[in-house]
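Working through the structure, step by step
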Amino acid sequence: MTAPSLKRIHHVAYRCRDAKQTVEWYETMLGMRYTTAFAEDKVPSTGEDDPYMHVFLDCGGGNVLAFFELPQQPEMGRDPNTPAWVQHLAFEVADEAALLAAKAHLEANGVEVLGPTYHGIFRSIYFFDPNGHRLELACNIGAPAQYQELARLAPAMLEEWSRTKRAPRHAAWLHEDPAERGDA
């Protein structure tokens, strides 16, 4: 038996409080296109009686973000043992100008935005959707040699992390922003 040959992520699904509000927010704030809705009173895979609305948004590039509204389930929450910054969904924008324009658009619409944050090979901003899901917009700024070096270092970094549970320093340069040192 061999592992399957995956083409891409078909869609990523999260829970939402209000499907209509969620669709409108993603259309307005991130320019996504609402494409599809499924609604059932019974879950097709399990047969459970649990009415839901399942909405799909086109994120561009063949990527689809979906949400479930589950009106008969308890209020949605977060994993209390995981910090809010950990679980997030990151979308790519074209360049730093697009990143800054997106930040201005979000802030003009009342969304609190953190960043831009420098990550060596990309810069990003962070914010929350109306359901409490953390989102990131990122633009790539890395050079081919940096990506190659990171790929080369990845196995050693993971091995060291597995042994020590401390951040390996192999790629510490990722968080040394040249703009802060005056090199940019």
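The structure presented is a predicted model; accordingly, all values stated were derived computationally and were not measured. (Residues numbered from 1 in each chain as written. Predicted model: local features only at pLDDT ≥ 70, side-chain atom pairs only at ≥ 80, totals over all residues. Heavy atoms only, no water.)

Here's the deal with the sheet that holds strand E2 (residues 33-42)
Let me state the cut-off plainly: DSSP-based pairing: two strands are paired if at least 2 bridges between them are found. Strands are runs of DSSP state E lasting at least 2 residues, helices are runs of H or I lasting at least 4, and numbering of each runs from the N terminus. Angles here are taken between N-to-C directions and fall from 0 to 180 degrees, while the axes themselves are lines fitted to C-alpha atoms, restricted in helices to the stretch in contact.
Strand order in the open sheet made by the 4 strands is E1-E4-E3-E2, with mixed pairing throughout. Looking at the sheet topology across the chains shown, the edges are occupied by strand E1 (12-16) and E2. Pairs of neighbouring strands in the sheet enclose a mean axial angle of 25 degrees, with direction left out of account. Here 5 bridges tie E1 to strand E4 (residues 63-69), and the two strands are oriented parallel to one another. What sits directly across from Arg15, in E4, is Phe68.

Concerning the nonpolar core
Basically, it comes down to this: Nine residue types can take part in a nonpolar core, namely buried Ala, Val, Leu, Ile, Met, Phe, Trp, Tyr and Cys, and a core is a set of them joined through side-chain atoms within 4.5 Å. With a 1.4 Å probe rolled over the protein chains alone, any residue whose accessible area is under 20% of its type maximum counts as buried; one over 50% counts as exposed, and the rest are partly exposed.
Grouped together as the largest cluster of nonpolar side chains are 24 residues, with contacts concentrated most on Tyr26, Leu106, Phe127 and Leu137. When contributions to this core are tallied by element, the ones reaching two or more residues are helix H1 (19-30), strand E3 (49-60), E4, strand E5 (88-92), helix H2 (96-108), strand E7 (122-128) and strand E8 (134-140). With 5 residues, H1 is the largest single contributor of residues to this core. If you look at the next biggest cluster of nonpolar residues, it comprises 5 residues, including Ile121, Leu153, Ala171 and Leu174.

Here we look at H2
Selection criterion: The span you would expect from a helix comes to 1.5 Å times its residue count less one. What the arc describes is the spread of directions from the helix axis to the C-beta atoms. Residues count as neighbours in contact if any of their non-hydrogen atoms are within 4.5 Å of one another. Two N or O atoms count as a polar contact when they lie within 3.5 Å, although within protein this holds only if one can serve as hydrogen donor and the other as acceptor, and sequence-adjacent residues are included solely when both atoms are side-chain atoms.
Taking 1.5 Å per residue, 13 residues should reach 18 Å; H2 reaches 18 Å between its end C-alpha atoms and fits that length. Listed as buried for H2 are Leu99, Ala102, Lys103 and Leu106. Within H2, the buried residues cover an arc of 100 degrees as seen down the axis, which keeps them to one side. In H2, the exposed positions that point more than 90 degrees away from the buried face belong to Ala97 and Ala108. Turning to H2, the residues buried within the fold contact H1, strand E6 (114-118), E7 and E8. Measuring from the side-chain oxygen of the N-cap residue of H2 to the backbone nitrogen of Ala97 gives 3.2 Å; that N-cap residue is Asp95. Just past H2, the residue Gly110 takes up positive phi, approximately 85 degrees.

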